[in-house]
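# Geometric and topological summary
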Amino acid sequence: MNIDTENRESTNTARRNFLAGIAGMAGVSIASGVTLFSFAEAKEAGEAVTSKVRWGMLIDTNKCEDGCTKCVSACNKENGIGTTGRAETDPQWIRKVQLRDPKTGNQTSLPMMCQHCAEPPCVDVCPTGASFKRADGIVLVDKHSCIGCRYCMMACPYKARSFVHEALEDQKSHAPRGKGTVESCTLCVHRIDKGGIPACVEACADEAGGAMLFGDLNDPKSEIAKRVAKYASRQIRADLGLNPGVRYQGI
Amino acid sequence: MATATKTIYRELKNDPLKYYLAVGLTGLIALIAAAAAYYMETNGHHVTGMNNQIVWGMPHVFAVFLIVAASGALNVASIGSVFGKTAYKPLARLSGLLAIALLAGGLAVLVLDLGRPDRLIVAMTKYNFKSIFAWNIYLYTGFFAIVGVYLWMMLEKRMNRYSSAVGVVAFVWRLALTTGTGSIFGFLVARQSYDAAVFAPLFIAMSFSFGLAIFILVLAIASRADDRPLGDFIVGKLAKLLGVFVAAVLYFVIVQHLTNLYATEHHGVERFILLEGGIITGLFWVGQIILGSFVPLVILFHPAFNKTRAYIYAAASLVILGGMTQIYVIIVGGQAYPLVLFPGMEVKSSFFDGVIHSYAPSLPEIVLGIGGIAVACLVVMIGMRVLRFLPTSLADGAADPHHNIAP
Amino acid sequence: MRLGVFSILGLLFLSLAVMTSSAQADGVPTPQIPKALQKTEKGHAELMRRNHMDLMLHKRDKTVHEGIRGKQYSLKACVSCHAVPGPDKQPVSIKSPKHFCRACHDYAAVSVDCFQCHSSKPPSSAGLVNLLEGFLKR
């Protein structure tokens, strides 16, 4: 008998009770190959991501308040990013950048994080292939094969990556991070794979101005695709031709 | 054709006490460096001066310097076998040994600075062929193999006839290797101070210059230590060549900065390196340009100075110091200038956007870098003791093919 | 003299046995493996004992690169079901020699690299605490 089928069928009842209580385990198998999800649009747990989807973000800087760091705190909480008080070596997956045009005095504030490029330079330069782009456009570090050479940090135009400078403890189960490897915004890939949205987007919508819109750029019916089609938006350092998945409105 | 005196090579035979003391001392330095690397790895890189802004620091300065110099050290052999200059032929073996030694030292530093040096096997087994780093892994291992074979062809009498052919392969390979090293920076599209094709030829010129400077000093020290004659003819030839190489580096440095100065987009970074960069600006003008380029040029082209050993060795030492400074300015200076995400805007953030990044190297990372030099020295010392790398005499009569020809 | 040597050897052996907290069977010390919180399918222990590293490796690449997140062979599922309660009735971390993974890995002297990055404890949730309490009462 197929070992997989056997595993699933014989342990169903026991495991369902057990696992249903554990946060982060959204999928509950009810029979071999059949899985129920709490999120309607999610892909099946056993299914690979495809390039039919291109996850992206649209940030409306007009709604982003100067001094508000709700997105940053949400990210830190979600991914277990702490501070040691050594700002120069502490990782930052998302940060707020204040812009001021010296010629006009115009001021803008916006969140900056991994821009999830379609042509990511970090992926190009990574010697081991640890930096990679998922089929759905999310740029990640496979920490299992990252040797910590930091070439990706040299190559990233957005200063989006951080190196873990010291040993970590009590990491979040869904966000493994460790000393000697490079990390950056994962677009909360663990949430996306369950049909959720990134923590920063959620926090911005719930607690702040709702400046961040997340969605599938490839789906013409999605809110984000409609918005980028209707309103002018721009990619940071578009001159490099990297086609980032994060777009900005109002700058 | 002039029947040149046959060159006889011998292992170093000098005072064993002195020799083993030198080897022991160098070994101790290498061990201390290993301890420094262990300290960095167990504590994490926060004990170094490197951070999320200056991601490559002192270890990379030493490593890149040694790797660049490695390919340059091979040049002396190439001049003999590829360009057929007989005067250089007796030096070819030492040139090959020095090339391998410097590369080993440089790579040791590079590898020990990794965040996860325990995963070196991953770097050896998983490749992303779009990465210049991945190419370099091949270029470096290939260099070891080719120079190894080259040395074999030279050391083994029956194989001598193939040495020229292998020498050509080695020469082409070393050009590729330095191109690869320069391209590590040249291909960084996002950084203001990199992203320039000139880095490849610049690094090749640098390798010629640094490698030859190191070669001259090693040759002088080894000859002195083993009481082997070293004539003015060969030293004078090497010195003149060094002068040409130093001028070549200066030329490419001028091209590099003039190109940037022409484009308004790059005025910010040029102003930082050339005028307002504080320590970086000081290192550039005083270390790289005045001490590392002008002074050696004056010495090496001055009709009296370039005949005096002390001046020539001083010039070679200055070229090495200037070279280290130049690589520091390239690596650290290049990162210290912030990325420009929003041209024309003033930027501020909690992650040091828009500010000049500071870097204060810590002792362990400097010790690790020095350890790379120690490893290179060890390889040279042991190699010369067990195999026949150095001719018994490089006196004018032995080294100059025309010396014995009657007037 | 000889007695001294023997007694030292004996002491060494004894302390070794205590250190690895191993059970004695046929005079050979074996690791003491903590019980899982839940019963699983037949053959699970045998399969995992030999193949857990390969199964988890395969699963790992599938998850990281393809986003396949079934619970089977996931490290999170392993550390959840194999959680070991500490004195405070909370699951112990890999720092404790009682941790499920360490019980064998210490014994076999094979280092575990997983927990430099991964959490060695179950994802915190009320459900698990209840489960652990139930387990402790059992």
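Residues numbered from 1 in each chain as written. Chains lettered and ligands numbered in written order. Predicted model: local features only at pLDDT ≥ 70, side-chain atom pairs only at ≥ 80, totals over all residues. Heavy atoms only, no water.

## Digging into the overall build of chain B
- On a plain count of helices and strands, chain B comes out with 14 helices and three strands.
- Put simply, chain B has 407 residues, and 57% of those count as buried.
- Long-range pairs, those at least 24 residues apart, make up 79% of the contacts in chain B between residues at least 6 apart in sequence.
- Accessible surface for chain B amounts to roughly 17,000 Å². Of this, 71% is attributable to carbon and sulfur atoms. (Helix = DSSP H or I, 4+ residues; strand = E, 2+ residues; numbered from the N terminus. Buried < 20%, exposed > 50% of the residue type's maximum accessible area, 1.4 Å probe, protein only. Contact = heavy atoms within 4.5 Å. Areas by Shrake-Rupley, 256 points an atom, 1.4 Å probe, with all protein chains shown as cover.)

## A few points about the pairing of strand β3 (residues 55-60) of chain A
Residue and element names in this part refer to chain A.
- In terms of burial, β3 is largely enclosed, as six of its six residues are buried.
- The alternating pattern of β3 places W55, M57 and I59 on one face and G56, L58 and D60 on the opposite face, and all of these are buried.
- Where β3 and strand β10 (residues 212-216) come together, five bridges link them in antiparallel fashion. Paired with L58 across the strands is L213, a residue of β10. (Pairing = 2+ DSSP bridges.)

## As for the environment of B:I216
Residue and element names in this part refer to chain B.
- Tracing the chain through its elements places I216 in helix α8 (residues 199-225).
- You can call I216 buried: its relative accessible area is 4%.
- Spatially, the C-alpha atoms of I216 and L242 are 9.2 Å apart, while their sequence positions differ by 26 residues.
- For I216, the contacting residues outside a window of four places in its chain are L238, A239, L242, I312, Y313 and A316.

## Comments concerning the pattern of salt bridges
- Here the structure, examined in full by the defined rule, presents 27 salt bridges over all chains.
- In this structure, A:R134 and A:D193 form a salt bridge, with 2.9 Å as the shortest nitrogen-oxygen distance. Highlighted residues: A:R134 in the loop between β6 (131-133) and β7 (139-141) and A:D193 in the loop between α5 (189-192) and α6 (199-207), separated in sequence by 59 residues.
- Using a relative accessible area of 1% as the deciding quantity, one classes A:R134 as buried.
- Residue B:E11 pairs with B:R388 through a salt bridge whose shortest N-O separation is 3.4 Å. (Salt bridge = Lys/Arg side-chain N within 4 Å of Asp/Glu carboxyl O.)

## Describing the packing of helix α4 (residues 92-112) of chain B against helix α6 (residues 132-155) of chain B
All names here are of chain B.
- Between α4 and α6, whose axes approach to 10 Å, the crossing angle comes to 155°. Taken together, the axis directions place α4 and α6 in an arrangement best described as roughly antiparallel. Crossing geometry of α4 relative to α6 is assigned as left-handed. Of α6, the residues touching α4 (which contributes A92, R93, G96, L97, A99, I100, L103, A104 and L107) are Y140, F143, F144, V147, G148, L151, M154 and L155.
- Each residue belonging to the contact of α4 with α6 can be placed in one class, and the counts come to 14 nonpolar, two polar and one charged. (Axes fitted to C-alpha atoms, helices over the stretch in contact; angles between N-to-C directions. Parallel < 35°, antiparallel > 145°, perpendicular 65-115°, else oblique. Left-handed = near helix turned anticlockwise from the far one by under 90°. Nonpolar A, V, L, I, M, F, W, Y, C, P; charged D, E, K, R; others polar.)

## Some points on the interface of chain B and chain A
- Taken residue by residue, the interface counts 54 residues in chain B and 53 residues in chain A.
- Of the roughly 4,700 Å² buried where chain B meets chain A, counting both sides, 56% is carbon and sulfur surface.
- For chain B, the biggest contributors to the area lost against chain A are B:N52, B:F342 and B:F351; these three give 14% of the whole.
- Inspection of the chain B/chain A interface yields four salt bridges.
- A salt bridge links A:D124 to B:K130; the shortest N-O distance between them is 3.2 Å.
- At the boundary of chain B with chain A, the tally comes to 36 residue pairs in polar contact (both at pLDDT 80 or more).
- The element contributing the most residues to the side of chain B that touches chain A is strand β2 (residues 346-349) of chain B, with four residues.
- Grouping the constituent residues of the side of chain B that touches chain A by class yields 24 nonpolar, 20 polar and ten charged.
- Sheet topology places strand β4 (residues 94-100) of chain A next to β2(B); four bridges connect them, and they run antiparallel. Each bridged residue has a counterpart across the sheet, and for A:Q98 the counterpart in β2(B) is B:K348. (Buried area = accessible area lost by both parts, 1.4 Å probe. Polar contact = N/O pair within 3.5 Å; in protein donor to acceptor, adjacent residues only side chain to side chain.)

## Comments concerning the sheet that holds β4(A)
- The three strands lie next to each other as β5(A)-β4(A)-β2(B), forming an open sheet whose pairing is antiparallel. Looking at strand neighbours, the two that pair on one side only are β5 (107-113) of chain A together with β2 of chain B, the edges of this open sheet. Between one strand axis and the next, the sheet turns through 30° on average, direction left out of account.

In short, shape yes, function no, at least from these values alone.
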